[in-house]
Amino acid sequence: MLSMPSTEPCFALVDCNNFYVSCERLFRPDLWRRPVVVLSNNDGCVIARSNEVKALGVPMGAPYHEVAALLRRHNAEVFSSNFPLYADLSARIMSVLEGFTPHLEIYSIDEAFLDWSGLPQNKARLGVHLKQTLWRWVGLPVSVGIGPTKTLAKVANEWAKKISPEGVVDLMNPRCQKEVLLQMPVGGVWGIGRRLAAKLSQIGIKTAWDLRCADSGLLQSRYSIVVTQTALELQGKSCLQVETVVPPRKEIRCSRSFRPKLTELSQLHSALSEFCCRAAEKLRQQRSLAHVVTVFLRSDAFDPKKPCYQPVLAAALRTPSQDSRWILKCAGELLEKMYRPGYRYQQCGILLGGLVSEAEGNAQLALFNEEISQKYAGASLMEIMDRVNRRFPNGLFLGASVDYRRYRYRPQQLSPAFTTRWNELPVVKA
DNA sequence: TCTGGGGTCCTAGGACCC
DNA sequence: TCTGGGGTCCTAGGACCC
C-alpha cells in the first residue's frame, strides 16, 4: 500500500551557537576552547559570549568595564563587533539553508525557520545532516530545533543548546513535548519576556507546560492575543507560518551612543548628519520614501547630579523624501529646537517613519509640480553616492559629517574584515 | 572613566466625525 | 431642563524579539 505524504506542519529552527563569537573563532582556531567575548559599539557592553565566558557568570549586556578584570584573569580574548564579517558569514549560512527547504524565513542575522511540512525524511536525521553540512561548508556550529509549530521548534532549539550532545532536538512527538515543557520556565518560551513571566507566575503559570494547559479565555482577557496564540502553539496548533517574503520596514532608525559624551550643538549636528545619511541610505535600499522625521536625544542617564533629559521631536516633510540632505535639513531644525546647553549628551538618533514605496510617493509628489525637478536632480545625486559607497565604503558623505568622523570612538579590538576586503584576507603560510 | 542598536506588535484612550 | 452612540484614526506606552 502506498503511504500518503504527511501534510502535518513541521518547522525547523536553525540558530547559530554564540554567533558573533563563532565568527571571530572561524579565522582564529587557537580560540576554540578559550573564553571569547564580543563587545557592542563603543566597546561598551558584552553582546556575545562563548560558553566558557557564560560559565564565568558574565551576563548578556554586562558593561565591559565591570567584567574586564575578570575576563583578563581568565585570559579571555575580547573583540569589538565586526558587523561586515558577521553579515557575510550569515549570508553564507542562509544560502546553504536554502538547499534544505523551498520555504526559508530568515528571522535574524543568526536564525532561520525552515518549513519541513510534508517532507518524507526522518526529521531528526535531516537536522543532523544539516548541522554537519554547515560545519563542513561554512565552519560555524548551529543548533537545530524541530517541532509542529514555530514556537515548539524554538523550544526544541533551546533544549538542543542545553542538553543535546549533537545539537539537534526533535519535538514532533507530543510525549517528548510534555517532558521538555514541564522542565522549561515560562520565561524561556518565545514571546514571554521577563515582565509577562512575572505576571503569569502570579496566577500560578510557572512552566511552559502550565502555559500550554492554561485556559484560552483567561489568557485572552488578562493578557493579549499574543499570549493566547503562544499557548496554542505550545499545544501543537500552528498559528504562525514561515514568512518567506521580507516586508519593507515600517520605520528606519539610526542612533549611536557617544564616547566621550558630547556637549556642543555643533558636535551633535555633525553626528546627526552621519545618522541621516545612514538612515536615508537604508531607505533608498528598500526603495521607500519617508514622510516623518523624528529626532531624539538623551543626556547622561547615569549622572546622579542631574535628571536625564531625553526629548523627542518629530516633523512631517512637505513631500515624502529619501534625500539625505532634505532629511538632514529637517532633522537639524528639530535638533536646534530641542538642544539645551549644560548637558552631557550620551545618545542621539533619527527615526524615519510614515514610509511609503517610491511608486506611491512619486504619485503624491506629482501634486507638487514645482518640486519635481529638484527632487529628480537629488535622486540622481543620491544614486551616485550609493553606487560609489557600495564600491568604496564610506567614500562619499555629507560635509557636515566630517567633524563626527574625526571625533567618534574607534573600536580598539577589531578583527580584520577577513571575507569582505581583499587586503585583509587571512594569510596562509605554506 | 567606562553602560548597544534596531526592529515589531498590541492596547488603551483621546480626538474627531457622522 | 433634558445632551447619543458607534466607527475610525492616531498616538503613547508597554511588551517583546534578536
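It should be noted that the structure appears before, not after, this text.
Rules behind the numbers
Residues numbered from 1 in each chain as written. Chains lettered and ligands numbered in written order. Predicted model: local features only at pLDDT ≥ 70, side-chain atom pairs only at ≥ 80, totals over all residues. Heavy atoms only, no water. Helix = DSSP H or I, 4+ residues; strand = E, 2+ residues; numbered from the N terminus. Expected span 1.5 Å × (residues − 1). Buried < 20%, exposed > 50% of the residue type's maximum accessible area, 1.4 Å probe, protein only. Arc of directions from axis to C-beta. Pairing = 2+ DSSP bridges. Axes fitted to C-alpha atoms, helices over the stretch in contact; angles between N-to-C directions. Parallel < 35°, antiparallel > 145°, perpendicular 65-115°, else oblique. Contact = heavy atoms within 4.5 Å. Near = heavy atom within 4 Å. Polar contact = N/O pair within 3.5 Å; in protein donor to acceptor, adjacent residues only side chain to side chain. Nonpolar A, V, L, I, M, F, W, Y, C, P; charged D, E, K, R; others polar.

A. Structural detail: helix α5 (residues 123-137). The end-to-end C-alpha distance of α5 is 21 Å, a good match for the 21 Å that 15 residues give at a rise of 1.5 Å each. Buried within α5 are the following residues: Lys123, Leu126, Gly127, Leu130, Lys131, Thr133 and Leu134. Buried residues in α5, looked at end-on, bunch into an arc of 160°, giving them a common side. Every exposed residue of α5 that faces more than 90 degrees away from the buried side is listed here: Arg125 and Arg136.

B. The pairing of strand β12 (residues 345-353), seen in detail. By the criterion of burial, β12 is predominantly enclosed, with nine of the nine residues buried. Pairing of strand β9 (residues 252-262) with β12, which is carried by seven bridges, proceeds in the antiparallel orientation. Paired with serine 257 across the bridge in β12 is glutamine 347. Looking at chain direction, strand β10 (residues 288-299) and β12 are connected through eight bridges and run antiparallel. Its bridge partner lying in β12, valine 293 is registered against leucine 352.

C. Structural context of the sheet that holds strand β4 (residues 77-80). Taking strand neighbours across the sheet as the criterion, the three strands line up as β3-β2-β4 in an open arrangement whose pairing is mixed. Of all strands in the sheet, those with a lone pairing partner are β3 (46-49) and β4, marking the two edges. Put simply, the sheet's adjacent strands are angled 25° from each other on average, direction ignored.

D. Expanded view of the packing of helix α6 (residues 150-163) against helix α11 (residues 225-234). The interhelical angle for the contact between α6 and α11, taken along N-to-C directions, is 70°, at an axis separation of 7 Å. Taken together, the axes of α6 and α11 lie roughly perpendicular to each other. Residues Lys150, Thr151, Leu152 and Val155 of α6 lie in contact with α11, whose contacting residues are Thr230, Glu233 and Leu234.

E. Broad picture of the protein's contact with DNA strand C. Residues in close proximity to DNA strand C total 14 residues, the closest being Ser108, Lys154, Gly191, Gly193 and Leu196. The sugar-phosphate share of atoms of DNA strand C within 4 Å of the protein amounts to 100%. Between DNA strand C and the protein, one listed contact pairs a sugar or linking oxygen with a side-chain N or O atom of glutamate 111 at 3.2 Å. Elements with a minimum of two residues in the surface near DNA strand C: β5 (104-108) and α8 (194-202). If you tally residues by element for the surface near DNA strand C, the top one is α8, at four residues. Of the residues that constitute the surface near DNA strand C, the class distribution is five nonpolar, three polar and six charged.

So far we have only geometry, and geometry alone does not tell us how the molecule works.
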